[in-house]
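Fold and contact review
Below, each chain spelled out in residue letters.
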Amino acid sequence: MATKTTPLVHMGTITGGEAREILEENPVILLPMGSHEDQGPHAPMGDYLLAEKIAELAAIRASERGVRTLVAPVLPFGGADWFGAMVGGIAISQSTLTAVIAEMVDSLHRNGLTRIIVINGHGGNVGPISDVARELYQREQIVLPSLYLWRIAYGLLPGILGAEKAAAVAGHGADPLTSLGLHLFPELMRKDLIPAGQPLKRDPVLDLQFTGLGTASFEGAEVAMPNEYDEVYNLGVAKGDPKLCSAETGAALSEKLTEICARFVAHFASKVDG
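Here's what I pulled together on the structure shown here. Note that the structure is predicted; figures quoted are calculated from it, not measured.

**Comments concerning the environment of Pro-195**
- Following the sequence through the fold, Pro-195 ends up in the loop between helix H7 (177-184) and strand E7 (209-212).
- With relative accessibility at 16%, the residue Pro-195 sits in the buried group.
- For Pro-195 and Leu-213, which are 18 residues apart along the polypeptide, the C-alpha to C-alpha distance reads 20 Å.
- The contact partners of Pro-195, leaving out residues within four places of it in the chain, are Pro-41, His-42, Val-237, Asp-241, Pro-242 and Lys-243.

So this is what it looks like as structure tokens:
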């Protein structure tokens, strides 16, 4: 009996000869992006690993369904935002990231590879991706769509866990990334270091309660604040309780994210020229 062969999907590992053959048909290319920052004391700093893995799973599924899809080398360093205080973190400026994305896209377009989807795993990447996509569309009427995985995942959590538990577990350093890590990269997760959830800190200058990154509350009104994450979170963990995370939740999230991405690939490919 013949065994099933997984399609080649990583552009970084296919050979030059394979590339000339596969890329001749202008396959869909997924461009995964993430960040290298504090994800809590229990999780790898490289959350780009998760974005890359979801892109890989989606590319395999889409290819098996007849839409040839590849994964570009992951862009691991996110756009600088709130996380510069973390020792060992690496981020690049918003302007530099915008230029890098634009030049990556231009490199692919130069050789006729125009069907690109960004698979994003970091909030600090949203602005640069949007700037590049808008300029590209205005210049060439080419659509560069992006899927912000964690925003999608937050929306999926209530359907997996119920609204109450989803609200308790959702947040930086907890879900969705901790559960996804427990499922996709259990060997990299430190279960013994998972902290209990805690309330957000108070601003040390104005004595206001933080409500999130960049926000605090004054008499119920939202106040924009400049504090970095270590002044707001507890060891990289926001309001969610990471002890409520699980590999089972991660498996459900991974399946749903993979299916959404794969179905979007098929939709995208059906609407743009091959």
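Picking up where we left off.
**As for the packing of helix H5 (residues 149-161) against helix H9 (residues 247-271)**
- At a minimum axis separation of 10 Å, H5 and H9 run at an interaxial angle of 125°. As the angle between them shows, H5 and H9 are arranged oblique. For the pair H5 and H9, the crossing hand works out as right-handed. Contacts between H5 and H9 pair Leu-149, Trp-150, Ile-152, Ala-153, Leu-156, Leu-157, Ile-160 and Leu-161 from the former with Thr-249, Ala-252, Leu-253, Lys-256, Leu-257, Ile-260 and Cys-261 from the latter.
- Of the residues in the contact of H5 with H9, the class split is 13 nonpolar, one polar and one charged.

**Some remarks on empty space enclosed by the protein**
- For the structure shown, the criterion picks out one cavity of 30 Å³ or more.
- What the largest cavity holds in volume is close to 120 Å³.
- As for the largest cavity, its lining consists of 15 residues, of which Ala-43, Pro-44, Leu-50, Leu-177 and Met-189 are closest to the centre.
- When contributions to the lining of the largest cavity are tallied by element, the ones reaching two or more residues are helix H2 (48-64) and H7.
- Here the lining of the largest cavity gets three residues from one element, more than from any other, and that element is H7.

Here is what the cut-offs are and how they apply
- Residues numbered from 1 in each chain as written.
- Predicted model: local features only at pLDDT ≥ 70, side-chain atom pairs only at ≥ 80, totals over all residues.
- Heavy atoms only, no water.
- Helix = DSSP H or I, 4+ residues; strand = E, 2+ residues; numbered from the N terminus.
- Buried < 20%, exposed > 50% of the residue type's maximum accessible area, 1.4 Å probe, protein only.
- Contact = heavy atoms within 4.5 Å.
- Axes fitted to C-alpha atoms, helices over the stretch in contact; angles between N-to-C directions.
- Parallel < 35°, antiparallel > 145°, perpendicular 65-115°, else oblique.
- Left-handed = near helix turned anticlockwise from the far one by under 90°.
- Nonpolar A, V, L, I, M, F, W, Y, C, P; charged D, E, K, R; others polar.
- 1 Å grid on protein atoms, 1.4 Å probe; cavity = no way out; pocket = protein on both sides within 12 Å on 5 of 7 lines; lining within 4 Å.
- Points joined across faces, edges and corners; volume = space filled by probe spheres on them.

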